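One-letter residues, chain by chain:
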Amino acid sequence: MRNHRVVLIALLMALGALTALGQTSGSLIGTASTGGSPLPGVTVTISSPALQGTRTTVTNENGAYSFPSIPPGRYTVVFTLDGMAPVTRDVQVALAQSARADGELALSSVAEAITVTAAAPAVLETTEISTNITAEMIDALPVQRNILGAVSLAPGVAPGLAGRADNNNTGFSISGAASSDSLFLVNGVVVGENLRGQPHNLFIEDAIQETTIITGGVSAEYGRFTGGVVSAITKSGGNEFSGSLRDTFTNPSWTSETPNQTNPNADVTSELYEATLGGFVLRDRLWFFGAGRFTEADQQFFTTLTNIGYTRVREETRLEGKLTAQLTPQHSLVGSYLDVEDNLINDFQFNIMDEQSLFNRSLPNSLMSFQYQGILSPNFLLEGSYSQKEFAFVGSGSPFTDLINGTLLVDISNTNRRWWTSTFCGSCGDEERNNESFGLKSTYYLSTNNLGTHSIVAGAENFAEERISNNHQSGSDFRIFHTLIQNGTDLRARFDGNTVIQWNPVFSRSEGTDLQTQSLFINDKWDLNPQLSFNIGLRFDKNDAQDADGNNVSDDSAISPRLGVQYDVRGDGRHRINASLGRYVNKVADGNAGGSAQAAGVPSTFQFRYGGPVINPAGTPFNELVPTAEAIRLLFEWFNSACDSEGRCGTLNRDIMTFSSVSGLSTRIDEPLTSPSVDEITLGYGARIASTGHIRGDLVWREWQDFYARMLTPATGQSVDQFGNRGDVGVTVNTNEMSREYRALMLSGQWSPFRINIGGNYTLSELKGNDNTEGLTTGTTPTQPNSLWYPEYLDYAQRNPEGYLPEDSRHRVRLWVGRDFDFGPVGNVNLSLLQSYFTGRAYSASAFIDATGRTAGNQFAGIPANPGYILSQIGTNHLYFFSDRGQFRTDSFNSTDLSLTYTLPISRVGLFLQANMTNVFDQDGIINPNTTVRTRRNAGAASGLVAFNPMTETAIECPQGAAASVCSGMGAHWQKGPSFGGATDVNSYQLPRTYLFSAGLRF
């Protein structure tokens, strides 16, 4: 894709362009009438600061008109007809939404020109469950001034697996989906990175014009998701010059300390500079917009368990350019380009426990889009688009590749806790994650005598993702799962019979994947009469996906019907009932399911049990423990010299090998994969409040199917790797043995009486199932259902029971109120308050056991007979739920946030000062609790816990905090860790009271 960059930038600079297909505009519809009867032949003219020139149409025989695909903004709508008094309406057209402006005309002899400003909110005009967040709203409220800040204000949104309840996160679950399964767009371009699906920061905060979040009833124009659609658009130029300058100040010392914080926050002030400028080269013909952002920000973090404070430094520059060109009144081109240079010092991945795990890296990123739009007739609009996004990891991981300094140490009781060196390899080559798309869309407005009016949108799109990755799991390709020994901030490792040595070699380098989806869609917004309307859509998606080896991963196709109906109870737009049903089909998961059978760039996995002398045995005084570098040297000295009965040593030793999975051999795809999908039903009601507000409630039912899974049974066979090792073979398949179901009531509303802005939402939801396959860094991964993966050993009920999933948070409330106080020439003050309350998220008491009884000290009676497996992929760590899934809940999240903005007008310039205070009352809910569960497998014989047969025995709990002798006397199998449910470290709590300040000007 890179070889096209110069040509495309040249085209962009020469022509400009409209941003991408169907996600950068809104639409305006309405009717003209007299005495309540439709009035054909009325001339309707619209104008807006967001629109070059004006547009004009004439109402049809039903008195209806339509302006499709117009830039979002505030519009003036004028209705004129000879002999009638003209009527003027003001209406806001929002991104990806349809606004309505109706005109009731009267004879000019009995009426003067009429100006009416009230219009039904766009959220009530559609069966889509949507929320539109403007830049003005984001700027006034104490939230992040970015896409995630806007998403957090929508109903049906909860933190995903990788997210935090305080929204200081990297993932959101929308309408019950995994956080990797939503569609994020900026200027029409997909900005979700390929693997996790999270939106990259391809924007400048002050340049964002508005963001629309669609959480249900989604039009057929959108595909490749099972969650929601989030679409943001950046500002354009105009016939007036406008711009802004902003400096934002942060300092870790302005954040309160958490209850168990032992080190003070650093006193270092960071600044973030933003600038925007928009205007015209030729009025109504050529507009420009540019923006820039620079920061050298210091952010305070603390290591897990050891609570060592450190500062991550981010040096980032973002630049955006945008041109809007009207070649003729019927033909336009608009385009944008954004480039990001992002360098991080002292960065980290996972829960690190020492400063040695920090590393430096850079994350270059770019975004480009352009589109042609042509009005071929008053009823026919044609659009074409092209877009491209490029992203890379440079130096992302350990700088060391030797066995001592490049080997990662992992706490066997919690595999997210890591130390000694960084996860992944920072000197083994860059990783690229890119996408590219092009499309064509047409809009046709059809009027009929008996069947009302139709706004028909049809289009085609090709979306392609490319990932070039050589995924080294550590600098040395080794990691050691061990028993952690801690003395304050000092760590040591115990290597004994529970220790696992894991080798992750990458045998074949990758040249990149090619995952493409070709789509066709048609959607009809059908107004049968003034009271009854329909939204009828159909989408066809065809996968053409090849992995880095050139294997055909998927060539399936899927049809997604979308049907919505809306009834205006009295025909006046004040009370509406709506319902919809639809299916949303996801794309092929890049790098997870899509790369599950490839060898290129994918690490193989070999696990070995340590059988050498115990290093740092229990009871040894801490000051007498072997230092870490020496302990690792001793471990590898034994490992490399240990040989099996056939004389094979080290990584070839079959006698100590407990798990092997060779990329390209251990997994295959027999039949092309089907993309997962979700079926949805919604039922809702909406009502206008006075002339400026609305309230809406929707019931949502969702159920997923066609999950990615891996199957390994005696029938799937075996393979021989390049070392002569025989191994079991798994097959990546689709299955419906998994489950994920979402039920929700979503309420939202907004009202603006007397310069007061009141709004909010409430979600009552339930998310249940056993689809918990989303990883912190890998997105959705194929699961291993009980009956499909070594079922003779692992088909026990508590391995993957159904229950409440981690994203389940029953009640979620966000309410806000803002008030402007105008002091004339002295200035204006805006005071805004945001109140958030979320009930706790679900978590479980679960841990690893050895269901095969192969680990020393973990044997039990009744081990199943081996039907012929090599047991190469079964390992010795098998998840067991000792509680019901989701039986426990985190603390509720409760936060009161304030924003105070003072603006001083000086001619056309407004100087402003803003102060935000988050968590005013310094609530300290534990939202990421300790979930450590001790078993014989992870705590050893010293715990007093005993191994058990998961197929036939019910696990017995030892009281939390009880001595090993008590557990042994009970014959207990598990015990909650001493801090289970409590705080592990400073990262366990919600964000404490925090201050943020900014100053600047706007004109």
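Small disclaimer: the values here were computed from a predicted structure and weren't measured.

A. Just the overall build of the protein chain, in detail. The number of helices and strands found in the protein chain is seven helices and 64 strands. By the compact-globule yardstick of 30 Å for 1003 residues, the protein chain fits well, its C-alpha radius of gyration being 30 Å. Principal-axis analysis of the C-alpha atoms places the extent of the protein chain at approximately 105 × 60 × 55 Å. The proportion of buried residues among the 1003 residues of the protein chain is 60%. Taking the intrachain contacts of the protein chain between residues at least 6 apart in sequence as the baseline, contacts between residues at least 24 apart amount to 73%. Here the protein chain displays about 36,700 Å² of accessible surface, and carbon together with sulfur accounts for 56% of that area. Taken together, the 69 basic and 98 acidic charged side chains of the protein chain have centroids lying 2 Å from each other.

B. Quick peek at helix H4 (residues 628-641). Taking 1.5 Å as the rise per residue, H4 with 14 residues should run 20 Å; its terminal C-alpha atoms sit 20 Å apart, in good agreement. Along H4, the residues that are buried comprise Thr-628, Ala-631, Ile-632, Leu-635, Phe-636, Trp-638 and Phe-639. All buried residues of H4 fall inside an arc of 160° around its axis, so they share one side. Where the residues of H4 are buried, they touch strand S27 (408-411), strand S28 (417-419), strand S31 (478-487), strand S32 (490-494), strand S33 (500-503) and strand S39 (605-609).

C. Summary view of the state of the cysteines. Tallied over the full model, the rule gives three disulfides. Two residues share a disulfide in this structure: Cys-425 and Cys-428, whose sulfurs sit 2.0 Å from each other. One quick way to see it: the torsion about the S-S bond of Cys-425 and Cys-428 is about 70°, and its sign makes the bridge right-handed. Paired through a disulfide, Cys-643 and Cys-649 show a sulfur-sulfur distance of 1.8 Å. Taking the sign of the S-S torsion, about 90° here, the bridge from Cys-643 to Cys-649 comes out right-handed. Under the relative-accessibility criterion, Cys-649 is labelled partly exposed at 27%.

D. Representation of the pattern of salt bridges in the model. One pass over the structure, following the stated rule, counts 40 salt bridges. For the salt bridge of Asp-541 with Arg-539, the shortest nitrogen-to-oxygen distance reads 3.1 Å. The exposure classification of Asp-541 matches that of Arg-539, with both residues buried. A single salt-bridge network, built from bridges that share partners, covers Asp-139, Arg-145, Asp-206, Arg-246, Glu-274 and Arg-1002.

E. View of the environment of Ala-122. Position of Ala-122 among the secondary structure elements: in the loop between strand S10 (114-116) and strand S11 (129-134). On the basis of relative accessibility, which here comes to 13%, the residue Ala-122 falls in the buried class. The spatial distance from the C-alpha of Ala-122 to the C-alpha of Gln-97 is 6.5 Å, given a sequence separation of 25 residues.

F. Representation of the environment of Asp-139. In this structure, Asp-139 sits in helix H2 (residues 135-140). C-alpha separation for the pair Asp-139 and Ser-899, spaced 760 residues apart in sequence, amounts to 9.3 Å. Once residues lying within four places of it in the same chain are set aside, the contact partners of Asp-139 are Arg-145, Arg-246, Gln-914 and Arg-1002.

Rules used in this analysis
Here the residue index of a chain counts from 1 through its sequence in written order. Reporting in this predicted model follows two pLDDT cut-offs: at least 70 for local features of residues, and 80 or more for side-chain atom pairs to be given and counted; totals over whole chains, interfaces and linings ignore these cut-offs and use all residues. Think of the side-chain values as coming from all heavy atoms in the structure, minus any hydrogens and water. Under the scheme used here, helices are H or I runs from DSSP no shorter than 4 residues and strands are E runs no shorter than 2 residues, and both carry numbers assigned from the N terminus. Each radius of gyration is computed over the set of C-alpha atoms, and the globule rule expresses the reference value as 2.2 Å times the number of residues to the power 0.38. Any residue under 20% of the maximum accessible area for its type is buried, any over 50% is exposed, and the rest in between are partly exposed; the area is computed with a 1.4 Å probe on protein chains only. Contacts were defined at the residue level, with two residues in contact if any of their heavy atoms lie within 4.5 Å. Where accessible areas are quoted, they stem from the Shrake-Rupley method and a 1.4 Å probe; at the residue level, only the protein chains shown are allowed to cover. Positive: Lys, Arg. Negative: Asp, Glu. His and the chain ends are not part of the count. The location of each charge is read from NZ of Lys, CZ of Arg, CG of Asp or CD of Glu. By this rule, a helix spans an expected 1.5 Å times one less than how many residues it contains. The directions considered for the arc run from the helix axis to the C-beta atoms. Only a pair of cysteine sulfur atoms within 2.5 Å qualifies as a disulfide here. The rule for a salt bridge is simple: a side-chain nitrogen of Lys or Arg has to be within 4 Å of a carboxyl oxygen of Asp or Glu.

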